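Read off the chains here:
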Amino acid sequence: MEDYKFLFKVVLVGNAGVGKTCLVRRFTQGLFPPGQGATIGVDFMIKTVEIDNEKVKLQIWDTAGQERFRSITQSYYRSAHALILVYDISCQPTFDCLPDWLREIEEYASNKVLRVLVGNKIDREDREIPTHVGEDFAQRHSMYYLETSAKEAENVEKLFMEIAAELMEQARSKELPRYENNSPTINGRTTVIGDSNCCSRMS
Amino acid sequence: MTSTERIQSTVLSLVETVNINGNMKEEYEKLAQEEEAVNLRLESLFKRQCHIEGKLRGMTKVLPNLQIVHSDAQQLAEMITFTSTLAENVSAKVRQLDIARSRASDCQQRVHDLLDLQLCAEGVKASLHSEDYEKAAAHVHRFLAMDQHLLEQTADIAEDCTNVTNSFSLLQDAASQLRSVVNLRFDEAVRAEDLASVERFFKLFPLLGLHDEGLEKFSNYLSTKIADTANGNLKTALSTQASDRRANIIFADTLTLLFEGIARIIEIHQPLIETYYGPGRLLRALGPLLRECDVQLRRIVAELQRCRRLEALAQAARAAQAGAGPRAEGEEAQEGAGGEVRQLDPALGELAIAHARYALFERFLRRRLAADADAGAATDADRRARLLEVDAALARGDTCRRMQELLSTYLGLERLFMVQSVRKAIALDALDDAGAGAAGGLCSSAVDDVFFILRKCIRRAASSGSLDGTCAVINNAGALLEEELCSALRARLRQGYPSGYLDLTQAYNSVLAGRLQPTDSEQQRVLFLAALNNADSASEYVETLVKQVSDEIPVSTPMERSKLDSCLHGLSSSTSGIKSVLDYGIQQLRASAVKPRVGPWVDSFQSVSHQLSEDEFTAYEADQPFVQTLVRNLHGLLENFKESLTPGNYDTLVTILTEEVTIHLEKAVFKTSFNRLGGLVLDKEVRALASFLTSSTSWSVRDKFARLTQMATLLNLEKVTEISDYWGSSTGPLTWRLTPSEIRQVLALRVDFRSDDIKRLKL
Ligand SMILES: Nc1nc2c(ncn2[C@@H]2O[C@H](COP(=O)(O)OP(=O)(O)OP(=O)(O)O)[C@@H](O)[C@H]2O)c(=O)[nH]1
Ligand SMILES: [Mg+2]
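Residues numbered from 1 in each chain as written. Chains lettered and ligands numbered in written order. Predicted model: local features only at pLDDT ≥ 70, side-chain atom pairs only at ≥ 80, totals over all residues. Heavy atoms only, no water.

Hey, could you run me through the domain arrangement of chain B in this one?
By a widely used convention, the size of an interface equals the accessible area lost when the partners come together. We note that the domain assignment places domain 1 (3-107), domain 2 (210-413), domain 3 (429-584) and domain 4 (608-759) within chain B. Placing a centre on the C-alpha atoms of domain 2 of chain B and another on those of domain 4 of chain B gives a separation of 76 Å. (Domains from an automatic or database assignment.)

Now the structure itself:
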């Protein structure tokens, strides 16, 4: 079977045009796609990374930011291990919408989900949201914070690798179920079935 | 040999130094070895000498031949150079000839053009006069196909210059005259609804270099046809009686008619366009048609939304979702939404059909446009650009956006429907009479119903033709299983299994028939066991559902496949939630139905003396009162549950029963004193018990007797020291489940073993 020890679902959300698809493409394919059309529904990509000599498979769901796809994208929150909430540092409205996104996350996502706030497009000259404002917001809502540029490949690798490392850490400390090679049962948050349980059907 | 001498002298000198270190012998041996190696190598070198000499002799013989080859090669090279120069000379002449020929043919063409110019000029005058527009257009087309710039140059140098210039301006006049006539006549034909004339003049536009105008006009004309039909269809739809067979999906039907109408027009007219306008122009030709589609679709969708009260239903959906946190207990909560749910079902069906038809239409358009772009593309880059243009045009369209919005509405409502239906199924849970006494054990309707609902919703989503939509419903189904079904089962199991003796079959029948008013605790027992069985079968239901969906839903690309698979994988992981509920229930059952009863049964072990004389032993062995009673009791308990539990749960029950029995019996043994015969009795008792429980289940429970069996073995020893047959390096395959201190403790139970002997044991 496939050779990985951990499997994590990472879901990107945020307003249309903030650069979610570009971030994912930069990370998974190492390129900045020209003439990137708006995402329809949800796109799905896989990348396996290595952390501490362990293979970690990241299942990345790139959701459409446009309002009319909300009922599709919302259905992916619940089983996400990590949620990346993206805004555009050169576009105030995308930052102003963050509380709405947080409300969505509260409603649909597991409360254990790892939440990361990302200010994208730092290569642009016309910044509207200073770094400390983004940082403050993240801190107030207990999220991780990172500024990136999908265009200049800045912090993109770091973003996903740190998420993978953090999730692995959580999984190791038994907060998340562990995925063994041949039984990749994904289970976002329900109780882990301990081996010691007398009733599990074995022997 | 000199090397040997050298070595010997080195040895001698070394001997002195080595002597000082006292290692002479060692060093000498080392050197002797080296010597031998050197000799061997020398020998092998000598052996190769004659071989090498032979080779050298061979080479000297071949050397003169090389000279000959060299001069031959030189000669060949010269010949080739000569031939190539010759060939180049010839080909240069051919090239010149070719250029001359092509000039001649250019000339000829020019002459032809000049002649044709004359002809066309005369012809166009005549045909315009006789209103033969086809002929006139053909002449103009011929004129437009000439290289007009070159012709003018020719005219300058030609003798009969005025003639050419005259024809030239005449034709240009004729062309513009013809253009306005064709435009005019086309419009007239449209006004007169004269389809034959419309097509007649449509064919003339490209001959006059008016491709875009022609397509635009024609497409506008077709759009009016679409608009007329769509208007009529919508009117009919709005006046459809509620009793009509198709009343429930009348708007989906109206949309279908719109899509089919447009598709049919494309089907009919595409060959015409391709023949007279050439390939690669379909996207342009469809422009006005697709804009008309946007207009008509907007009207139909607006009516659909109004008549089906989608806004109100969506509002209810949002309200219900907002309160979707902890499950609303009580029937009132269900009542209010009940009416909405009933209305939702047909509306959802209609929305799914509407989207499915759009998906078909979109695929049709994409296929046609892609094929046309392909045919019209000159280069690969051009083809890619054209295909991108097609994608962008389709995605930009209002129709596409509106249908995505409609899909979104559908998904929101489908979610509401699923939540409400599942809650209702759980609230109206009833015992399943088919399950009575059958092999399946007690079950209730909820699980069956819940999975029926989920399957129905997923299938309906799949029928909409949107994979993203289907995946969303699959995701929502997984959430529902955990949030609604698991929590309902857990809530039922949390109430526990009331202990006390009962006849389950009787209680079950009375609950089912409603004849007798069963006592509360009887009913609670039945419901508890049904919940336990439901949890067991729910896991299997999930697997079946996942498999069915995976087989049923069509996917067209590997990307779609893996998307669907990941979502299905998420769904099947809800089994782990279900399993933990099941475990929870089993623990409840253990605490209330197994533990309290097994305790007293096993404790009676202590009331039987295990210090027996030969006579007592014989008497006891004849009927083994303790173990026979215990087995009878256990058998009674298991029989009581056997009919009521699923095979899986029954096996689990046997397992926990075995655990309880062995744990209690161990404790009882530790509180009893034995002599040898008492140990023998225990050994027989353990065996009888193990064989009874092992035969009660298909799972292996023998392992759970390991400790007891070892205790019996210890208590059955003749002497303390005999334990060395079992303990230590000579023990072979026996793995002890008892710790050394436990072993001493067990041995101490034997009244005839001296504690000093036990202490002295090395374990
Ligand atoms: N300068 C700059 N432009 C960026 C960056 N990332 C994305 N863009 C541009 O932003 C636009 C939108 O990018 P997408 O990745 O399609 O945005 P999205 O968030 O996926 O949008 P939706 O799919 O509609 O939700 C594109 O034109 C990108 O070229 C960045 O880091 N720097
Ligand atoms: Mg995108």
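So much for the structure itself; the text now carries on.
Help me understand the packing of helix α15 (residues 467-494) of chain B against helix α18 (residues 558-572) of chain B, please; the structure alone is not making it clear to me.
The relative placement of two packed helices is expressed as an angle between their axes plus a distance between the axes. Residue and element names in this part refer to chain B. At a minimum axis separation of 8 Å, α15 and α18 run at an interaxial angle of 10°. Relative to α18, the element α15 lies roughly parallel. Every residue of α18 that contacts α15 at L467, D468, C471, I474, N475, A477, G478 and L481 is listed here: E560, K563, L564, C567, L568 and L571. The class makeup of the residues in the contact of α15 with α18 is nine nonpolar, two polar and three charged. (Axes fitted to C-alpha atoms, helices over the stretch in contact; angles between N-to-C directions. Helix = DSSP H or I, 4+ residues; strand = E, 2+ residues; numbered from the N terminus. Parallel < 35°, antiparallel > 145°, perpendicular 65-115°, else oblique. Contact = heavy atoms within 4.5 Å. Nonpolar A, V, L, I, M, F, W, Y, C, P; charged D, E, K, R; others polar.)

Hey, could you run me through the packing of aromatic side chains in this one?
Aromatic ring pairs are reported here in terms of the distance separating the ring centres and the angle at which the planes meet. Residue and element names in this part refer to chain B. Enumeration according to the criterion identifies 17 aromatic pairs over all chains in this entry. Here the aromatic rings of Y497 and F528 are separated by 5.5 Å at their centres, their planes lie at 65°, and the arrangement is edge-to-face. Placement of the pair is Y497 in the loop between α15 and α16 (504-513) and F528 in helix α17 (residues 520-552), with a sequence separation of 31 residues. For the pair shown, Y497 and F528 are each scored as buried. Through a chain of ring-to-ring contacts, the aromatic side chains of F202, F218, Y221 and Y277 assemble into a single cluster. Its guanidinium or amino end placed over the ring of F417, R460 lies 4.9 Å from that ring's centre, counting from NZ or CZ. The positively charged end of R490 is found above the aromatic ring belonging to Y584, 5.2 Å away from the centroid. (Phe/Tyr/Trp six-rings, centres within 6.5 Å; stacked < 30°, edge-to-face > 60°. Buried < 20%, exposed > 50% of the residue type's maximum accessible area, 1.4 Å probe, protein only. Lys NZ or Arg CZ within 6 Å of the ring centre and 35° of its normal.)

Looking at this structure, I do not really get the environment of V661(B). What am I missing?
Residue and element names in this part refer to chain B. Assignment of secondary structure puts V661 in helix α22 (residues 647-670). Counting along the chain gives 62 residues from V661 to G599, while the straight-line C-alpha distance between them is 7.8 Å. Excluding residues within four positions of it along the chain, V661 makes contact with V598, V602, L634 and L689.

Whenever I open this one, the coordination of the magnesium ion (ligand 2) confuses me. Can you help?
Tetrahedral coordination by four donors places them ideally at 109.5 degrees to one another around the metal; octahedral coordination by six donors ideally gives 90 or 180 degrees. All names here are of chain A. Around the magnesium ion (ligand 2), the protein contributes the donor atoms T21 (OG1) and T39 (OG1), at 1.9 Å from the metal centre. Pair noted here: T21 is in helix α1 (residues 20-29) and T39 is in the loop between α1 and β2 (42-51), with a separation of 18 residues, a long-range link. Here T21 matches T39 in class, with each residue buried. (Donors = N, O, S within 2.8 Å, 3.2 Å for Na, K, Ca; no water.)

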